[in-house]
Amino acid sequence: MVHIVPEIIKESVTNLVKNGERTDGRAFDEYREISLETGVIEKAEGSARVKIGKTQIVIGTKPQIGTPFADTPNVGVLMTNTELLPMAAPNFESGPPDENSVELSRVTDRCIREGKVVDLEKLCIVEGEKVWMVFLDLHVIDYDGNLMDAAVLGSVAALMNTKIPTTKIENDEIVLDYENMIPLPINEKALMCTFAKIDGELIIDPSLEEEEIMGARLSIGMTEEGNICAMQKGGAQPLDREEILKVVSIAKMKTAELRTHLP
Amino acid sequence: MIIIITNTNLNTGTETSARADKRAFDELRNLKIEAGVLERADGSAYLEMGGNKVLAAVYGPRELFVRRLMQPNRAVLRCKYNMAPFSVDDRKRPGPDRRSVEISKITSDALSPAVFLEKFPRSTIDVYIEVLEAEGGTRCAGITAASVALADAGIPMRDMVVACAAGKSDGNVVLDLSEVEDKEGEADLPIAMMPRTGEITLLQMDGDLTEEEFGKALDLAIGGCKKINEEQKKAIKNRYGE
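Values in this document were obtained by computation on a predicted structure and should not be read as measured data.

## Considering the packing of helix 2 (residues 99–114) of chain A against helix 3 (residues 147–161) of chain A
Residues and elements named next belong to chain A.
- At their nearest, the axes of helix 2 and helix 3 sit 10 Å apart, and the two run at 50° to each other. When the interaxial angle is binned, helix 2 and helix 3 end up oblique. Along this stretch, helix 2 crosses helix 3, giving a crossing that reads as right-handed. Across from E103, L104, V107, T108, C111 and I112 in helix 2, the residues of helix 3 making contact are L147, M148, A151, V152, S155, V156 and L159.
- Here the residues of the contact of helix 2 with helix 3 sort into 10 nonpolar, 2 polar and 1 charged.

Right, here's the structure in full:
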């Protein structure tokens, strides 16, 4: 279903940006209010509820024991899946994941995997035979712009909240000890920061209105050290070299700011 | 060959003769309902009952794009019941299965009689129910939450619809089965009703009950519905005032 943005809204948002202003009165490099809770779903081994503005995602992790991939026999598996629920927006439809949902899953996965958030090698139980497979499921329940930053922030929080049972190997059997739960091995807190390009300006954390009229979008994943671990450009408008370099340096400060919300 | 074994059993163990969670036979689990929790949806509600966490959202009345479903004289009320992959002990694969399709259908049938559908010809009212955490009785929790979400959306209704289950566990007829009681019990009888008129809009049952036990269970469930209905009304009043 196509979502129609009235021309008048497009014009008013663009005109505000021209004057250095935004519809909700924020500065160009200012996030909306962020809230993050962990351990919200008891049946999930790890969980988080994240809100950026009115955008809201519930995230749960489910570790299971499975077989590693043949090319990485001593590495655990992380599987990220996103559901853009039809309750989250009038133009989201139920059914198999569409391209936006797949992009969100893949970009979140990329930021977490390439940022080496989880030490996947420590999730190996028996090389080539059994490893932990961690399913990371993102349930988008309210869509008000900037899903990517919310998705990565919530996912890192949910992973940090995840506990798995300790494993022992006795006579060729894996014994799971649910009385001694250990946290997932976390060695990095890579986060993502998204900019929207409207009328030549790059503004952080686009709201729904801004996302609907933006020409381009750039998401930047950064590690604690400030190294770039993932990027994704979206939208049809091009970006130039100076713009990109400028927002990369802003992203460094802003991901550090976001990190203070993690427990 | 490696066999995985688990050396502790986590959440089973109903060796007590009374109810596992120490409730009286006619006692509901802890209940919390909040209306208007989502920004985008026209109406929404969040419900916690025992270990259940359920979110319901309503869109509409709006244009129905699926022509073949369109009714010339009234709106259609479509429901989608969905469980989050992390809502149960073993991860549920995303997407509809036979169980959720059936629950979607009976939820739609349970809610429809309460809504003045004839006021909105050729349109649709969409109800989405998301189970974030499941602990027995999610279909009832979903219907109860959906009805609050419909009211929150300002959709004209004859009455709220409220759902509750009764059943038989360890030989006793009890109200509001928990997950363990549902799995290990002898019978489950979920109902939905419009409390003002007492009309029953959903009735399912599985297991084994005598006629006498059935009568007892039905009365228990109706009593449970009436109590839950008070919480539904409170949720709406909390949001909109008296």
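From this point, the discussion proceeds with the structure in view.
## Things to note about the pairing of strand 4 (residues 52–63) of chain B
Residues and elements named next belong to chain B.
- Taken across its 12 residues, strand 4 has 9 buried, putting it largely inside the fold.
- The loop that links strand 3 (residues 43–49) with its antiparallel partner strand 4 comprises 2 residues; one of these, G50, has a positive phi angle of about 60°.
- As judged from the 9 bridges shared by strand 4 and strand 6 (residues 123–133), these two strands associate in the antiparallel manner. Pairing of L55 across the sheet is with E130, part of strand 6.

## Quick look at the interface of chain A and chain B
- Counting from both sides, the interface comprises 42 residues of chain A and, opposite them, 39 residues of chain B.
- Counting each side, the surface lost to burial between chain A and chain B is near 3,600 Å², with a carbon and sulfur contribution of 60%.
- At the boundary of chain A and chain B, one finds 4 salt bridges.
- On the surface where chain A and chain B come into contact, there are 15 residue pairs in polar contact (both at pLDDT 80 or more).
- Among the secondary structure elements, those contributing two or more residues to the side of chain A that touches chain B are strand 3 (55–66), strand 4 (77–84), strand 6 (130–142) and strand 8 (173–183) of chain A.

## Observations concerning the packing of aromatic side chains
- Counted by the stated rule, this structure contains 2 aromatic pairs over all chains.
- Positioned over the ring face of Y46 of chain B is R49 of chain A, at 5.7 Å from the centre of the ring.
- Sitting over the ring of F116 of chain B, R158 of chain B keeps its end group 4.3 Å from the ring centre.

## Re the pairing of strand 2 (residues 46–52) of chain A
Residues and elements named next belong to chain A.
- Counting buried positions along strand 2 gives 6 out of 7 residues, so the element sits mostly inside the fold.
- In this sheet, strand 2 lies alongside strand 1 (residues 34–38) in antiparallel orientation, the contact comprising 5 bridges. Within strand 2, the residue paired with E37 across the bridge is R49.
- With 7 bridges joining them, strand 2 and strand 3 adopt antiparallel strand pairing. When the sheet's bridge partners are listed, S47 is paired in strand 3 with G60.
- The loop that links strand 2 with its antiparallel partner strand 3 comprises 2 residues; one of these, G53, has a positive phi angle of about 60°.

Calculation notes
- Residues numbered from 1 in each chain as written.
- Chains lettered and ligands numbered in written order.
- Predicted model: local features only at pLDDT ≥ 70, side-chain atom pairs only at ≥ 80, totals over all residues.
- Heavy atoms only, no water.
- Axes fitted to C-alpha atoms, helices over the stretch in contact; angles between N-to-C directions.
- Helix = DSSP H or I, 4+ residues; strand = E, 2+ residues; numbered from the N terminus.
- Parallel < 35°, antiparallel > 145°, perpendicular 65-115°, else oblique.
- Left-handed = near helix turned anticlockwise from the far one by under 90°.
- Contact = heavy atoms within 4.5 Å.
- Nonpolar A, V, L, I, M, F, W, Y, C, P; charged D, E, K, R; others polar.
- Buried < 20%, exposed > 50% of the residue type's maximum accessible area, 1.4 Å probe, protein only.
- Pairing = 2+ DSSP bridges.
- Buried area = accessible area lost by both parts, 1.4 Å probe.
- Salt bridge = Lys/Arg side-chain N within 4 Å of Asp/Glu carboxyl O.
- Polar contact = N/O pair within 3.5 Å; in protein donor to acceptor, adjacent residues only side chain to side chain.
- Phe/Tyr/Trp six-rings, centres within 6.5 Å; stacked < 30°, edge-to-face > 60°.
- Lys NZ or Arg CZ within 6 Å of the ring centre and 35° of its normal.

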